[in-house]
Amino acid sequence: HALRADSNAPPAQMFEALEAEAAQNPENPELWARLGHAYFDANQYQKAIDAYEKSLAIAPDNPNVLTDLGVMYRRNQQSEKAIEMFDRAIAVDPKHEVGNQSPGHFRRRSNPG
């Protein structure tokens with residue numbers, strides 16, 4: 001993830017600070033993405049999904065956020081939404097490395113045999 005929360009802060013304080021900052025600046029897609037990354041790293045799938053969706057509602061063409069949202073959907077057992085996000089990431093940036101790797105890898109794992 002390009003944007004990182006302060007890794008020295010205890011997790012609860014870090015989440016509180018990021019949530020407060022995003023609430024004060026609800027139209028800033030980077031803040032929502034940072035909050036999503038923090039939840040991503042903490043394996044809090046639904047909270048990451050919610051934050052990434054808010055980021056994409058403001059800036060829908062960010063292939064990094066689309067890919068991270070796809071990973072969170074995949075981990076949250078939402079296969080179709082995961083594939084949709086990976087496909088959107090590739091549509092936005094056909095050279096996006098993670099976006100290009102994720103769909104095929106995911107489809108192979110989702111459809112064994």
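Rules and cut-offs
Here the residue numbering is sequential within each chain, running from 1 through the sequence in written order. Only residues with pLDDT of at least 70 get local features here, since the model is predicted, and only at 80 or more are side-chain atom pairs given and counted; chain-wide, interface and lining totals rely on the full set of residues. Side-chain descriptors were evaluated using all non-hydrogen atoms of the structure, hydrogens and water having been removed beforehand. Here, nonpolar core means buried Ala, Val, Leu, Ile, Met, Phe, Trp, Tyr and Cys residues that are tied together by side-chain atoms lying within 4.5 Å of each other. Note on exposure labels: buried denotes an accessible area under 20% of the residue type's maximum, exposed denotes more than 50%, and partly exposed covers the range between, all computed with a 1.4 Å probe on protein chains only. What counts as a helix is a DSSP run of H or I of at least four residues, what counts as a strand is a run of E of at least two, and both are numbered from the N terminus. Contacts: residue pairs with any heavy atoms within 4.5 Å of one another.

**Points about the nonpolar core**
Core analysis: the biggest nonpolar cluster contains 26 residues, and L35, Y52, L69, M72 and Y73 have the highest contact counts within it. Elements with a contribution of two residues or more to this core: α1 (11–24), α2 (29–41), α3 (45–58), α4 (63–75) and α5 (79–92). Ranked by residues supplied to this core, first place goes to α2 with 7 residues. For L69, the residues in contact, after removing those within four places along its chain, are I49, Y52, E53, L56 and M85.

**Description of unusual backbone geometry**
Despite not being glycine, N43 has its phi angle at roughly 55 degrees, a positive value. You can call N43 partly exposed: its relative accessible area is 45%. One non-glycine residue, Q77, lies in the positive phi region at around 60 degrees. The topology assignment puts Q77 in the loop between α4 and α5. Taking relative accessible area as the criterion, Q77 reaches 69% and is therefore assigned exposed.

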